[in-house]
Amino acid sequence: MKKSIVVLAIAALLFISCKKEDAASTVEAKNTDQVGIVVGKSANIEMVKKVTAMAENSDFPNFKASFAPNAVIHDNMNDITIEENIKILEDLKAQGLKISLGKKPLVWENINDKPDEKTGVKNYVFSYYGATFSKGDKSVVINYNMIFAIKDGKIVEEWDIYDSAPILNLLK
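Residues numbered from 1 in each chain as written. Predicted model: local features only at pLDDT ≥ 70, side-chain atom pairs only at ≥ 80, totals over all residues. Heavy atoms only, no water.

Visitor: Before we move on, can you summarise the overall build of the chain with the specific residues and values?
Guide: Along its length, the chain carries five helices and eight strands. Each helix and strand of the chain, ordered N terminal to C terminal, gives the series α-β-α-α-β-β-α-β-β-β-β-β-α. Each of the 172 residues in the chain was classed as buried or not, and the buried ones make up 29%. When contacts within the chain are restricted to residue pairs at least 6 apart in sequence, long-range pairs at least 24 apart make up 54% of them. (Helix = DSSP H or I, 4+ residues; strand = E, 2+ residues; numbered from the N terminus. Buried < 20%, exposed > 50% of the residue type's maximum accessible area, 1.4 Å probe, protein only. Contact = heavy atoms within 4.5 Å.)

Visitor: So what about helix α2 (residues 43–56)? Which residues, and what values?
Guide: Between its first and last C-alpha atoms α2 spans 20 Å; for 14 residues at 1.5 Å apiece the expected length is 20 Å, and the two agree. For α2, the complete set of buried residues consists of Asn44, Ile45, Met47, Val48, Val51, Thr52, Met54 and Glu56. A positive phi of about 60 degrees marks Ser58, the residue just after α2. (Expected span 1.5 Å × (residues − 1).)

Visitor: Summarise helix α4 (residues 82–94); cite the residues concerned and give the values.
Guide: If you check α4, its first and last C-alpha atoms are 18 Å apart, about what 13 residues at 1.5 Å a residue would give, namely 18 Å. Close packing links the buried residues of α4 with α2, α3 (60–65), β2 (67–75), β3 (78–80) and β4 (98–101). Positioned one or two residues after α4, Gly96 has a phi angle of 90 degrees, which is positive.

Visitor: Requested: an account of the confidence of the model for the chain, with residues and values cited.
Guide: Looking at the chain as a whole, the pLDDT averages 88, with 83% of positions reaching at least 70. No element of the chain has a lower mean pLDDT than helix α1 (residues 2–28), which averages 53, and none a higher one than strand β8 (residues 154–161), which averages 98. The model gives residues 20–26 a pLDDT under 50, and that stretch makes zero contacts with residues more than four places away or in other chains. (pLDDT = per-residue confidence, 0-100.)

Visitor: I'd like a description of the packing of aromatic side chains, backed by residues and values.
Guide: Scanning all chains against the criterion turns up six aromatic pairs. Ring geometry for Trp108 and Phe126: centres 5.5 Å apart, planes at 5 degrees, overall stacked. Here Phe126 lies in strand β6 (residues 123–135) and Trp108 lies in strand β5 (residues 106–112), a separation of 18 residues in the sequence. Judged by relative accessible area, which is 28%, Trp108 ranks as partly exposed. Ring geometry for Phe133 and Tyr144: centres 6.4 Å apart, planes at 35 degrees, overall tilted. With Phe133 in strand β6 and Tyr144 in strand β7 (residues 138–151), the pair connects residues that are 11 residues apart, well separated along the chain. Note on Phe133: relative accessible area 4%, which makes it buried. (Phe/Tyr/Trp six-rings, centres within 6.5 Å; stacked < 30°, edge-to-face > 60°.)

Written out as structure tokens, the structure reads:
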């Protein structure tokens, strides 16, 4: 009887240890098509949230400091500098337009295994906000999609994609 219990115990231990190895090897295996990872929390994500809050609150000196000196912003496919972007935001504010970004954006970071050959960027933060634009008693809510290329703690490139027609209608 003792031999049977010992044999069963050894068999159970072997079975359990084999299961743990299988689980570990599954986690470690990398898909051959995988080129990076996606994270939901990072210093870059927090920086992007702060930068968008700075733009919303017209904190332009700190906003500008978050960008590399030669950063390019692709505003609905129009390439502009950070200075030009700030001028647009100041002009909108001067025309009485208020911008309020939603408090629960979708934000994540893609971290590529290898940097882009042209730019050296490995980190891209993607964000989707419900943005409210208002003037007087009129307002519109649009989807505001932004992608930030980040290198050495600075934004080096940004892509903003949104429907500008409702915003222009508010300014009429």
